[in-house]
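A structural walkthrough
If you want the building blocks of each chain, they are given just below.
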Amino acid sequence: MSLFTRKIVYSSAIRRTAQIPALNSSCERQRCRPSKCCASPIIPPLPRRPIDIDIPLRPFASMPARKSDESQILEIPANLIFHPKAKSSPFYGADRVGKSENSEPTDAAEVEAAARLKDAVSSDALVEEESVEKSATSASEEGEVGYAEDDYDEDHDEYDSEEDEEEERVLFDLSTMQDVPRAIPLPQRLHVPVFDIKSAEEVGTFHLSPQTFGCSPVRVDILQRCVVWQRNKKRGRRNPGAITKTINTKRGSGRKVRPQKGGGQARAGHRRPPHWRGGAKAHGPKGKVQDYTTKLNKKVRKMGVRHALSQKLLEGNLIVTSDLASPSHKTRVLNEMLGRFDVGKGADSALFIDDAKLEDAEDESTVYGGVDVNLRVASGNIQRIKVLNQMACNVYDMLKYKKLFLSLSAVASLEQRLEKDLK
C-alpha cells in the first residue's frame, strides 16, 4: 500500500485484541472512526514499513524535467487516478510499471521490476504479521483484552470491508517521459540561423534587434486590443441604406375608424398601426450610418506588432531566410520547397513577409508590390499560405498563421520602421 493514502487498515489480529466500544447514534450517522468520537481507547494501527527494493521511490511533487538514462520510478496512491494518455496528465508519455493481475508483462525490464516488487511486498507482509502477533501477545499478557479470540465474531464487525484487500501499487517510470519544450532565454534567443528558402539549408546567422524581437514579457492585452481594432476596421463603415416609414411619416388620417363599443370588434384608433395591412413599420431601418470602427493609437499598434514578433520568436516559429524568391511560378515547385519546412497542404500554416525592391532584383518584372511575383503566383493555389509586404505586417495574421517567414530585407525594414518612435 502506498504511504500517501489516508485510508487506515485495521488488521484482524488488532481487532481481536482491541476493545472496540459500541457506536452511538451520532457515530452511526456520521460513519466516523471510534478513535475520533468515543472515549474508549483502542490500539492504533501499526505504521507500515517502507518497502525495501532497488527501485527508487520518489514523492509526487518531485518530477524530472528532462529524460534520464536511469529509471525514475514514482509511486502514486491507488485512489489518485491519472489517465496516462491525456495530455493534461503529469504522467503523459510515461510508462506504467505496475501492471494489473490480468495483464502479463512482456518486456524483460517489466518482468524484472514486477518480480522485485512481488518479493518486496511479500517480505513486507511477513514482517508486519510478526509485529502484529507480538503486539497481540503483549496486549493479552497485560490484561487489556476484554474477550477471548474464539469469542470474536467477524460477521458482526463493521470494519470488515474492502479495507483488508491489498491495493494495487501504481508505479510510473518518469525516465520515459518526453522532454518539456523550453524557450531559449534572452539574449541568446535573438541569435537566429538564416536559411535558404530553396534548399532549407542554413547559410549563416543573424542577430535580431532586442527592441523589436526581444519584448519580454509578451503583452497579451496589447495583442487583444490590436486584434479587436483590426476586426472592427474590417467590418468598416456602412453607408445609409434602407429606410422605412413610421406612424408619423405614414400617409393616413388620425380619425377613429369605428366606434369604441357596440360593434363586437376590437378597439381601434387610426388606420396606421404596424399590425394592420398598409400600416407603418415598427423598428425598421432608419437610414443611419453604421460605423463599427474603433480608435487605437498608432504607437499601440506598432507595439502590438513588436510583441507579436517577439511571441513568434519565443515559440520557435520564426524562420529567417536570405530571400523569399521562388525560381518558378509553378505550385509544384513551391510545394517541394515548403515541404522541407513542414509547411503547406496537410502541414502547418505559414505567413511570408518580404520587402523585395526593384533595384535589388535582376529583372524588374520579378518584383511587384514589394513581393516576389513567382512566390505570389505559386502560393495562390496553396491552402493556409499568405504572402505580404512588410508594410502590411499585422498582428491578426501573425497570430492566425503558425509559422512566420521573414526575409533579411523584411527584418531590416521592420526594425527601422517599428523602432522609429522608441528613439
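The text that follows walks through the structure, step by step, so that each part is easy to find. (Residues numbered from 1 in each chain as written. Predicted model: local features only at pLDDT ≥ 70, side-chain atom pairs only at ≥ 80, totals over all residues. Heavy atoms only, no water.)

1. Looking at the nonpolar core
The criterion, for reference: Nonpolar cores were defined as sets of buried Ala, Val, Leu, Ile, Met, Phe, Trp, Tyr and Cys residues, with membership established by side-chain atoms within 4.5 Å. For each residue, the accessible area found with a 1.4 Å probe, counting protein chains only, is set against the maximum for its type, and the residue is called buried under 20%, exposed over 50%, and partly exposed in between. Where helices and strands are cited, they refer to DSSP runs of H or I of at least four residues and of E of at least two residues respectively, numbered from the N terminus. Every residue pair with non-hydrogen atoms within 4.5 Å of one another is taken to be in contact.
Membership of the largest hydrophobic core comes to 32 residues, with the highest contact counts inside it found for Leu208, Phe213, Leu309, Met398, Leu404 and Leu406. Those elements that provide at least two residues to this core are strand S5 (191-195), helix H6 (220-235), helix H7 (298-315), strand S9 (318-321), strand S10 (350-354), helix H10 (395-400), strand S14 (403-407) and helix H11 (408-418). If near-sequence neighbours (up to four positions away) are discounted, Leu208 is found in contact with Leu190, Val192, Phe213, Leu313, Leu318, Val411 and Glu415. Counting residues in hydrophobic clusters, the runner-up holds 18 residues, among them Leu324, Phe352, Leu375 and Ala378.

2. With respect to the side chain of Asp354
To keep it simple, the criterion reads: Neither His nor the chain ends is counted toward charge; the positive residues are Lys and Arg and the negative residues Asp and Glu. The rule for a salt bridge is simple: a side-chain nitrogen of Lys or Arg has to be within 4 Å of a carboxyl oxygen of Asp or Glu. Contacts described as polar in this section are N or O atom pairs within 3.5 Å, which, within protein, must combine one atom able to donate a hydrogen with one able to accept it, while residues neighboring in sequence count only if both atoms come from side chains.
With respect to the helices and strands, the residue Asp354 is situated in strand S10. One buried charge, Asp354, has no salt-bridge partner; the nearest side chain with opposite charge is Arg376, at 8.8 Å. Within the local environment of Asp354, its side chain forms a polar contact with the side chain of Ser407, the two groups lying 2.7 Å apart. When neighbours within four sequence positions are excluded, Asp354 is seen to be in contact with Leu324, Gly370, Asp372, Leu388, Asn389, Gln390, Ser407, Ser409 and Ala410.

3. Here we look at the packing of H7 against H11
Note the cut-off: Note on method: axes are straight lines fitted to C-alpha atoms, helices fitted across the in-contact stretch only, with angles between N-to-C directions ranging 0 to 180 degrees. Roughly parallel means an angle under 35 degrees; roughly antiparallel means over 145; roughly perpendicular covers 65 to 115; every other angle is labelled oblique. Whether a crossing is left-handed or right-handed is set by the direction in which the near helix is turned from the far one by less than a right angle, anticlockwise for left-handed and clockwise for right-handed. Gly is placed with the polar residues, together with every amino acid not listed as nonpolar (Ala, Val, Leu, Ile, Met, Phe, Trp, Tyr, Cys and Pro) or charged (Asp, Glu, Lys and Arg).
Direction vectors running N to C along H7 and H11 enclose 140°, while the axes themselves pass 10 Å from each other. Here H11 runs oblique to H7, going by the angle between their axes. Every pair of crossing elements has a handedness; the one defined by H7 and H11 is left-handed. Across the interface between the two elements, Lys302, Val305, Arg306 and Leu309 of H7 pack against Leu414, Arg417 and Leu418 of H11. Partitioned by chemical class, the residues of the contact of H7 with H11 number four nonpolar, no polar and three charged.

4. Brief notes about H6
Just so we agree on the cut-off: An expected span of 1.5 Å times one less than the residue number is assigned to each helix.
In this model H6 runs 23 Å from its N-terminal to its C-terminal C-alpha over 16 residues, within 8% of the 22 Å that 1.5 Å per residue would give. For H6, the secondary structure elements touched by its buried residues are H7 and H10. Gly236 sits one or two positions beyond H6 and adopts a positive phi of about 80°.

5. Focus on the sheet that holds strand S13 (residues 385-389)
As a reminder of what qualifies: When DSSP finds at least two bridges between two strands, those strands are taken to pair.
Ordered by their spatial adjacency, six strands build an open sheet running S6-S5-S9-S14-S10-S13, and the pairing between neighbours is mixed. The two strands at the open ends of the sheet, each matched to only one other strand, are strand S6 (202-207) and S13. Taking each pair of neighbouring strands and ignoring which way they run, the sheet shows an average axis angle of 30°. Sheet topology note: the S10/S14 ladder contains four bridges and is parallel. Within S14, the residue paired with Phe352 across the bridge is Phe405.

6. Details of unusual backbone geometry
Note the cis peptide between Leu186 and Pro187, where omega equals 0°. Turning to its location among the elements, Pro187 is positioned in the loop between strand S4 (170-173) and S5. In the segment running from Ser216 into Pro217, the intervening peptide bond is cis, with an omega of -5°. By the element assignment, Pro217 lies in the loop between helix H5 (210-213) and H6. For Asp342, which is not glycine, the phi torsion reads 60° and is therefore positive. Classification of Asp342 by relative accessible area gives partly exposed; the value is 45%.

7. Some remarks on the packing of H6 against H7
Two numbers describe how H6 lies on H7: the axes approach to 9 Å, and their chain directions differ by 120°. For the element pair H6 / H7, the angle class is oblique. The two elements H6 and H7 meet at a crossing, and its hand is left-handed. Here H6 contributes Ile222, Leu223, Arg225, Cys226 and Trp229 to the contact with H7, which in turn contributes Val300, Arg301, Met303, Gly304, His307 and Ala308. Considering only residue class, the contact of H6 with H7 consists of seven nonpolar, two polar and two charged.

8. Topic: the packing of aromatic side chains
The description of an aromatic ring pair rests on the distance of the ring centres and on the angle between the ring planes. The condition is simple: A pair of aromatic rings is counted whenever rings of Phe, Tyr or Trp (Trp by its six-membered ring) have centres within 6.5 Å, and the orientation is called stacked for planes under 30 degrees apart, edge-to-face for over 60 and tilted otherwise. Either the NZ atom of lysine or the CZ atom of arginine qualifies as a charge over a ring when it sits within 6 Å of the ring centre and within 35 degrees of the ring normal.
Applying the stated rule across the entire model yields three aromatic pairs. With centroids separated by 5.3 Å and ring planes inclined at 90°, the aromatic side chains of Phe341 and Phe405 adopt a geometry described as edge-to-face. Of this pair, Phe341 sits in the loop between helix H8 (331-339) and S10 while Phe405 sits in strand S14, and the two are 64 residues apart along the sequence. Each member of the pair Phe341 and Phe405 is classed as buried. Ring geometry for Phe352 against Phe405: centres 4.6 Å apart, planes inclined by 15°, an arrangement best described as stacked. Separated by 53 residues along the polypeptide, Phe352 in strand S10 and Phe405 in strand S14 bring together distant segments of the chain. Judged by its relative accessible area of 0%, Phe405 is buried. Three or more aromatic residues joined by ring pairs make a cluster, and in this case those are Phe195, Phe341, Phe352 and Phe405. Lying across the ring of Tyr292, Arg235 places its NZ or CZ 3.7 Å from the centre.

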